[in-house]
Amino acid sequence: MKRKIHAWAAKPILFLTLILIGSACENTSENPNDDNILLNNDAETLSQRLSLDGSGVIGITAPSNPSGRTLDDDDAEKISLVLISQASSPTYEGTSLQATHVDIEDDFAFVSYNTAGPQYLGAVEIFDISDAYKPKIVSQVIFKNADVSAVEYRNGQLYLAMAIDVDNSDASSPANLGIVSVVNGQFTSDFKFVSVPGFVATDVQATSEFVALVSGNNGSLTLFNSSLETLRELPFEDLRGVAYGDDRLAILSGSAGAKILNPNSLAEVASISLPADASEAKRTMDIEDDHLYIAEGKNGSGIYRLSNGQEVNKLSIPINPENVESGDIVTNAVSVEDDLLFMANGAAGISIADVDDEEEAELYGVLDLDGSSNFVRYEDKFVFVATGAGGLQILKIEKKDEDDDDDDENEKPDCESLESYKGNSNLNVNSNESVGYRGSAQLKNVNIGGTFLFCGSLAIEQNLNVNSNGLMEVYGSFAFGQYRKNTSLNVNSNAILRLSGSIVIYGDLRLNSGAKLEFVGEGTSITVYGDVTINSGASISGEFTDTEGKLKK
C-alpha cells in the first residue's frame, strides 16, 4: 500500500519507514527490475493524445462582476492568452494516469504523472514546444511500480520526486529521488534511484550546487551533490514542497508552516506560521524577486519577504463556484514570472494577478478554462495547467512589454509612435476613423469600418469584421477565435486585411467578394484551423507560409 501527498489520494501504510543517514550511495540502485520501466519514443503515436478541442483565444472573467463579463477598459490591454492544445492523460492497461507537475526548459516541457488509489503507476513525458502552436509529445517513460510527484530538469539530467513500491523493486524506502539523462528531447536508459526517509518524495529542486528533495510522512529535506551523495539532511514532518532562489531554500510543511533556510548549512533564516493544511494535499511554492509565494489551500496564496519571512500580501481565491464542495476550492499551486502570478485553485480554476508591486497585487481575473486545476506552471510564455485525470491544457501568453523597441524588420516605421491600447474589450472603428496601437491586447469583438493598425501581439476572442472599404493591419503576432465554437473572421467587399508575422486563426475565415487578404514582409506564416471560404472576386497576395494548406482557391 502507499501514501501519496496529493489532494486526490490518501492511503493507509502497512510498513515502517527506513530511516537513512549518511552516504546516499548505500541506498542507490540502477534500473531495478528493468521490466518495470517502459520507454516509448514514438512521437507520432504519443502525440495522438493532443487535441485542438477548446483551443483558441481564452477569455478572462472578472470575478467582481456577477454577470461574468470579460475584463474591459484598462484590463483589455494587459495580456493575451491562447489555449494551443490539450493533452489527454496517458493510460496503461486501462488505468488513466493524472498529471502532477511540469517543468519547462528551452524547447521542452517535462510532465510527471501518478495514479489515484493503491496502485503504484507513474510516468514522465517530454513535450516538444519549439513550434509554439503545434506541440508534440516526443518521449515517454512509464514506471509500473512507482508514482512521480514532481520533476525538475537541469543540464541534461531529469530529477524525479517519486514513491516506489518497495515490495516490487530494489528500493530500500518508498520515497526516492529518480535521475535519468535526457538527450535531444528523449530519455536514455540510465535510470538511477536514491532512497530517502519517508513514504513519498513530494518535490524536487535542482541547482548548480545541489539537488534538494523533500519527502512527507516521517520524511526529510535531503540535499545531494552531483554524485548523488548526501550533503545535508534535515528531518521534517509532512513536507509538501521545496523552492530555491536568491541563495535561499524554502520548505513547506502541511503541519508546521514554511521555513526559509540557508542552503549551505540548513540553518533557519525565517519561519512562517501557517494554519495546518488538509491531510495529503499537494501544495507548491515559487520564488521571484526576493519574495516567496506559497499555495495555502483554502486561504489562497501568500507573499512573503525571503529575507525575513515577513508577510507582504495575501491573495484570496477570487470566485466561489456554486454546487462545489468547499474542500475542492483550494489553491494547490502557484507559479510566478515576469510579474504575473498564476494560482491553481481547484474547482475555482486558474486566477491571474499582477504582482509587479507585491504589496498592491492586482487581480486580473479567472481564465475561462474547463475542468478543475490541480497544478499550474508559467515559464517562457507558456502556461501548463494540470487537471488531474483530465490531462493537460497548454497555453501561450503574451504580455505587453513597455520596453519593446519594435525593431522587427517586418514592422512599419511608424509603429514606434503608437501608444498601447487602453480601451474596451469590444472595439469599433467607424468609417471616418483611423486608429493605431502597439504592445499586447486581447479583445472580444472587433468591427473595423475605417483604418486600424496594430503592432505587437493581438488576440481577438469571438468575432472580427472588416467592413466594406475598411483596412486592418497587424504587424507581429495575431491570434483569432476559438476552435469549433462559431467564431468567424469576415473580410467584406473592398475591405483589406493586411498581415505580417505569425498568424493563427482558430475560428472560420471568410473572404467575401472583392475582399483582399494581403501578406507583407518576409517570413510570415498563417495557420487556419477553422473553415475557409474564399468567394469569387476575393484575392490573396504576398509571400507567406500556409501551414495547413487552406488558402488555396
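What this report covers is the structure whose coordinates are included nearby. What you are looking at is a predicted structure, and each value in this text was computed from that prediction instead of being measured.

Each value, and the rule that gives it
- Residues numbered from 1 in each chain as written.
- Predicted model: local features only at pLDDT ≥ 70, side-chain atom pairs only at ≥ 80, totals over all residues.
- Heavy atoms only, no water.
- Helix = DSSP H or I, 4+ residues; strand = E, 2+ residues; numbered from the N terminus.
- Buried < 20%, exposed > 50% of the residue type's maximum accessible area, 1.4 Å probe, protein only.
- Contact = heavy atoms within 4.5 Å.
- Pairing = 2+ DSSP bridges.
- Axes fitted to C-alpha atoms, helices over the stretch in contact; angles between N-to-C directions.
- Patch = residues over 30% accessible without salt bridge, like charges linked within 9 Å, V, L, I, M, F, W, Y side chains within 5 Å.
- Areas by Shrake-Rupley, 256 points an atom, 1.4 Å probe, with all protein chains shown as cover.
- Salt bridge = Lys/Arg side-chain N within 4 Å of Asp/Glu carboxyl O.
- Lys, Arg positive; Asp, Glu negative; His and termini not counted.
- Charge placed at Lys NZ, Arg CZ, Asp CG, Glu CD.
- 1 Å grid on protein atoms, 1.4 Å probe; cavity = no way out; pocket = protein on both sides within 12 Å on 5 of 7 lines; lining within 4 Å.
- Points joined across faces, edges and corners; volume = space filled by probe spheres on them.
- Nonpolar A, V, L, I, M, F, W, Y, C, P; charged D, E, K, R; others polar.
- Disulfide = S-S within 2.5 Å.
- Phe/Tyr/Trp six-rings, centres within 6.5 Å; stacked < 30°, edge-to-face > 60°.
- Core = buried A, V, L, I, M, F, W, Y, C linked by side-chain atoms within 4.5 Å.
- Polar contact = N/O pair within 3.5 Å; in protein donor to acceptor, adjacent residues only side chain to side chain.

1. Some remarks on the overall build of the chain
- When helices and strands are counted, the chain shows one helix and 49 strands.
- Within the chain, buried positions represent 59% of all 553 residues.
- Partitioning the intrachain contacts of the chain with sequence separation of at least 6 by distance along the chain shows that 51% fall at a separation of at least 24.

2. Structural notes on the sheet that holds strand β21 (residues 230-235)
- Across the sheet, which stays open at both edges, the four strands sit in the order β18-β19-β20-β21 with antiparallel pairing between neighbours. Strand pairing shows two members of the sheet lacking a second neighbour, β18 (200-206) and β21, which therefore form its edges. Each strand axis lies, on average, 15° off the axis of its neighbour in the sheet, ignoring direction.
- Where strand β20 (residues 220-224) and β21 come together, five bridges link them in antiparallel fashion. The partner of T222 across the bridge, within β21, is E233.

3. Side note on the sheet that holds strand β24 (residues 257-261)
- Spatial strand order, β22-β23-β24-β25: four strands in an open sheet with antiparallel pairing. Of all strands in the sheet, those bounded by a partner on one side alone are β22 (239-245) and β25 (268-272). When strand polarity is set aside, the average angle formed by the axes of neighbouring strands in this sheet is 15°.
- Sheet topology note: the β22/strand β23 (residues 248-253) ladder contains six bridges and is antiparallel. Residue pairing for β23: G241 is matched across the bridge by L252.

4. Some details on unusual backbone geometry
- With a phi angle near 50°, D338 is a residue other than glycine that sits in the positive phi range.
- For D338, the location among the structural elements is in the loop between β30 (333-337) and β31 (340-344).
- D338 sits in the partly exposed class, given a relative accessible area of 44%.
- In this structure, N494 takes a positive phi of about 65° despite not being glycine.

5. Considering a negative patch on the surface
- On the surface, a cluster of negative charge is contributed by D246, D247, D289, D290, D356, D357 and E360.
- One can find D356 in the loop between β32 (350-354) and β33 (362-367).
- Among the residues examined, D356 registers a relative accessible area of 52% and is labelled exposed.

6. Notes on the pairing of strand β46 (residues 525-528)
- By the bridge criterion, four bridges tie strand β43 (residues 496-505) to β46 in an arrangement that is parallel. Across the sheet, the residue bridging to V504 is T527, located in β46.
- In this structure, β46 lies alongside strand β49 (residues 545-546), joined through two bridges in parallel fashion. Opposite S525, over in β49, you have T545 as the bridge partner.

7. Remarks on the layout of surface pockets
- Put simply, the largest pocket is a space of about 680 Å³.
- In terms of lining residues, the largest pocket is bounded by 31 residues, among which E152, Q205, Y244, D286 and R377 are the most central.
- Listed by contribution, the elements that provide at least two residues to the lining of the largest pocket are β9 (98-105), β13 (146-154), β18, β22, β26 (285-288), β30 and β34 (375-379).
- Per element, the largest residue contribution to the lining of the largest pocket is five residues, and it comes from β34.
- The residue makeup of the lining of the largest pocket, split by class, is 14 nonpolar, seven polar and 10 charged.

8. A few points about the state of the cysteines
- With the rule as written, the count across this model stands at one disulfide.
- Covalently, C415 is tied to C455 through a disulfide, its sulfur atoms 1.9 Å apart. The sign of the -55° torsion about the S-S bond sets the C415-C455 disulfide as left-handed. Here the residue C415 occupies a position in the loop between β36 (392-399) and β37 (419-420), and C455 occupies one in strand β40 (residues 451-466), the gap between them amounting to 40 residues. By the burial criterion, C415 is buried, and C455 matches it.

9. A few points about the packing of aromatic side chains
- In total, this model carries 11 aromatic pairs according to the counting rule given.
- Aromatic side chains F452 and F454 sit 6.4 Å apart centroid to centroid with 40° between the ring planes, which places their arrangement in the tilted category. Comparing F452 with F454, the two get one shared label, buried.
- An aromatic cluster is built from Y421, Y437, F452 and F454, whose rings are joined through pairwise contacts.

10. What to know about the environment of L453
- Tracing the sequence through the fold places L453 in strand β40.
- Distance from L453 to V474, taken between C-alpha atoms, is 6.0 Å for residues 21 residues apart in sequence.

11. Observations concerning the environment of G549
- Its location among the elements puts G549 in the segment after β49.
- Judged by relative accessible area, which is 37%, G549 ranks as partly exposed.
- Taking the C-alpha atoms as reference points, G549 and T527, separated by 22 residues in sequence, lie 8.4 Å from one another.

12. Comments concerning the nonpolar core
- L81, F127, F342, L367, F384, L392 and L395 are the most contacted members of the largest nonpolar core, which totals 54 residues.
- In terms of residue count, the dominant contributor to this core is strand β6 (residues 79-87) (six residues).
- Dropping the residues within four chain positions of it, L81 is found in contact with G56, V57, I58, I60, I352, L367, L395, K396, I397 and Q442.
- Formed by 34 residues, the second largest nonpolar core is a distinct cluster that contains A441, I448, F452 and I503.

13. Topic: the side chain of R49
- Secondary-structure assignment places R49 in the loop between α1 (43-46) and β3 (50-51).
- Classification of R49 by relative accessible area gives buried; the value is 17%.
- For R49, the side chain forms a polar contact with the side chain of E125, separated by 2.7 Å.
- The contacts of R49, once residues within four sequence positions are left out, are Q86, A87, S88, S89, P90, Y113, E125, I137 and Q140.

14. Observations concerning the pairing of strand β19 (residues 211-216)
- Counting buried positions along β19 yields six of six residues, so the element is predominantly enclosed.
- Residues of β19 alternate between two faces, with V211, L213 and S215 on one and A212, V214 and G216 on the opposite face, all of them buried.
- Of the strand pairs in this sheet, β18 and β19 are connected by six bridges, and their pairing is antiparallel. Opposite V204, over in β19, you have L213 as the bridge partner.
- Once β18 ends, the chain turns through four residues before running back antiparallel as β19.
- Here β19 pairs with β20 via four bridges, running antiparallel.

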